[in-house]
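# Survey of secondary and tertiary structure
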Amino acid sequence: MTPRSFDGRILNKSGEPVGSCWLAAPGVVLTACHVVKETLQLDPSEWWLPSENGASLFVTVEPLAQGVGQRCVGRLCGWSLEEDVAVLRLVDSTQWRGHSPSLIARKSVMKGSAVSMCGYADWPDPNRNRLRWISISGIWQGSSEYDDGTELGLVKSSGVQLGMSGAAVVRDIDGGVVGMITSRYNSADGWGRDTVWVTQHESIAYVAKNAGVRLPLIAKSQGQSQGESKLVRGLPDSEVTRALRASRDAEMRGRYGDALRTARLAQATAEALPEAAQDTPILVAVARVQVAASLLRADEDPEESWALVNGAADPRVFENHPSQFFVALLTKAEAGLRTNRLAAAKAALGAAQGYIEGPGDDRMILQVRGMTALAEHDLELAIELYSKAADSFLQDQQTEPDPVVRARWQAGAASCMLNKGLAQQRGGGDVAAATESFERSATWYHEVGSTHDESVARRHLAHALFKQEFWADGFREIDAAIRLALNINFWAGAAEATELKARALATRGQPAEARDALEQVLAMHSDHQG
């Protein structure tokens, strides 16, 4: 496993790594308090909070997924020696644009859950350069409490090394953070061997709250809110449904790689269930539908998507699950459009309309009808449909009290505006109107932290600006699109944006710069094939 977009390491004043960290919220980095102590070379009694006169303590951090040298500066704004937690606010939050994982409450973590950790490791090897990061796995063992009231989680892992203090401990099934490494215990007599002590959600959230930071939480009853996906509504609670919820959550946040990974985990878990069990057929079918949808969102193999959903969307399996069948039919319609099976897509869309349960379903129908209109080159109809769907999202957003659901509706509106822009500029149409649509889409995606989609929107915005010969604005947007894509290892998006930049440079009469950009594209394709 490569570093996730929220994994990082802490550097001392000489630029040497001393510990690990993670992006807990936009512009907010967490690490272990003892790591900051080593970095600052100051006793905590000498620390201070940012003051009105501007005096602050600063710590250098480095996102692990963004390449060597991509450093940021964080201002120390809160800490607890007892909990071993330190909170840093980035001076420039745009320098680390990874997604922020949700925290998982202690009581929601089952013993035996698989977890993973990624961070810096102080592991000298005379025959190699210094390790930049290491990714290892472990098993959640439970919780503990000391006489002084300190509570720590326990993970069994032989791979945790010096330097990993401050790294996030991530539950594999849904990508949520169950805690942060504080230390590893190895006794001389073998008792407690390979035990890793973990600062848990409650302690992390307490210190963060005192520093003015509110962290996202996956509660034990996650999925029971009105914003729960139709895909899992009413299904029995299980490892499969928890993975499906995590996949849908990642998808709604624009983390399509994570969505696909957890959807495949749900599929594998469901397919390993006893065939005779009552819930096995529906769990297998729903998991395959989500894999199919995730493949489409991640711009991966549409033929695999079609094969999965075409086989899964069996009305006999979904007989008692109309909500899930509605999602399956719409996914089938979208996969059909992406694989040029227009007749099959329209048939699935027509069937889905018989399972509409509310305004949200009407909106989903509008979006797929818009895709169909684009496929049939009926651009006026596509623009009308996407406009209606965007307006519906925005109306619901204005009255929705749940901030998570509000962000979901805004992301939906941003998606509609992006597709509306594509319809507006297709065939040499209204490029100025498309520019406005792309700009709104990029802004809305930025506000909800959907980095993948923001990169795509800014690439299309740059293309529209180049068409109008607004070169300076176009290059600003394309550079932003490339930077965003690289921040989350979205190599295909980075390559496509860099290729567009090369064409624009060539048009501007800058052949040397255009060649450099094309060489970067070739390098990306060579380094990240598939």
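Below is a summary of the structure that appears in this document. (Residues numbered from 1 in each chain as written. Predicted model: local features only at pLDDT ≥ 70, side-chain atom pairs only at ≥ 80, totals over all residues. Heavy atoms only, no water.)

## Considerations on the overall build of the protein
To keep things clear, this is the line we draw: Comment: elements are numbered from the N terminus, with helices defined as DSSP H or I runs of at least four residues and strands as E runs of at least two. The quantity called the radius of gyration is restricted to C-alpha atoms. Its globule counterpart is 2.2 Å times the number of residues to the power 0.38. For every residue, the accessible area obtained with a 1.4 Å probe (protein chains only) is divided by the maximum for its type, and the residue is called buried under 20%, exposed over 50%, and partly exposed between those limits.
A tally of regular secondary structure across the protein gives 16 helices and 14 strands. For 530 residues, the compact-globule estimate of 2.2 N^0.38 gives 24 Å, and the C-alpha radius of gyration of the protein, at 24 Å, lies within 12% of that figure. Reported as C-alpha extents along the three principal axes, the dimensions of the protein are approximately 70 × 65 × 50 Å. Within the protein, the fraction of its 530 residues that count as buried is 54%.

## With respect to unusual backbone geometry
Unusually for a residue other than glycine, glutamine 41 sits at a positive phi of about 55 degrees. Summarising the element assignment, glutamine 41 is placed in the loop between α1 (33-40) and β4 (58-63).

## Section: the side chain of aspartate 7
Heads up, the rule is: In protein, a polar contact means a hydrogen-donor-capable atom and an acceptor-capable atom, both N or O and within 3.5 Å, with residues adjacent in sequence counting only if both atoms are side-chain atoms; elsewhere, any N or O pair within 3.5 Å suffices. In this analysis, two residues are considered to be in contact whenever any of their non-hydrogen atoms come within 4.5 Å of each other.
Within the secondary structure, aspartate 7 sits in strand β1 (residues 7-11). On the accessibility criterion, aspartate 7 (0% relative accessible area) is buried. Within the local environment of aspartate 7, its side chain forms a polar contact with the backbone nitrogen of arginine 4, the two atoms lying 2.8 Å apart. When near neighbours in sequence (up to four residues on either side) are disregarded, aspartate 7 contacts Cys21, Pro63, Leu64, Ala65, Trp96 and Cys118.

## Overview of the pairing of strand β3 (residues 28-31)
Along a regular strand, successive side chains alternate from one face of the sheet to the other. Going by this rule: For two strands to count as paired, DSSP must find a minimum of two bridges between them.
In β3, alternate side chains face the same way, and those of Val28 and Leu30 on one face and Val29 and Thr31 on the other are all buried. Across 4 bridges, strand β2 (residues 17-25) lies against β3 in antiparallel orientation. By the bridge assignment, leucine 23 is partnered in β3 with valine 29. Connecting the antiparallel pair β2 and β3 is a turn made up of 2 residues, with glycine 27 showing a positive phi of about 80 degrees. Where β3 meets strand β6 (residues 85-90), 4 bridges bridge the pair, whose relative direction is antiparallel. For threonine 31, the partnering residue across the bridge sits in β6 and is alanine 86.

## Here's the deal with the nonpolar core
Filter applied, for reference: Put simply, a nonpolar core is a bunch of buried Ala, Val, Leu, Ile, Met, Phe, Trp, Tyr and Cys residues held in one set by side-chain atoms that sit within 4.5 Å of each other.
Formed by 43 residues in total, the largest nonpolar core has its most connected members in Leu244, Val286, Val289, Phe318 and Leu330. Of all elements in the fold, only α3 (239-252), α4 (256-271), α5 (280-297), α6 (302-312), α7 (322-338), α8 (342-352) and α9 (359-375) reach the threshold of two or more residues within this core. No other element matches the 11 residues that α5 contributes to this core. Excluding its chain neighbours within four sequence positions, the residues that come into contact with leucine 330 are Leu349, Ala352, Met364, Ile365 and Val368. Counting 40 residues, the second largest nonpolar core, distinct from the first, contains Leu30, Val59, Val61 and Cys72.

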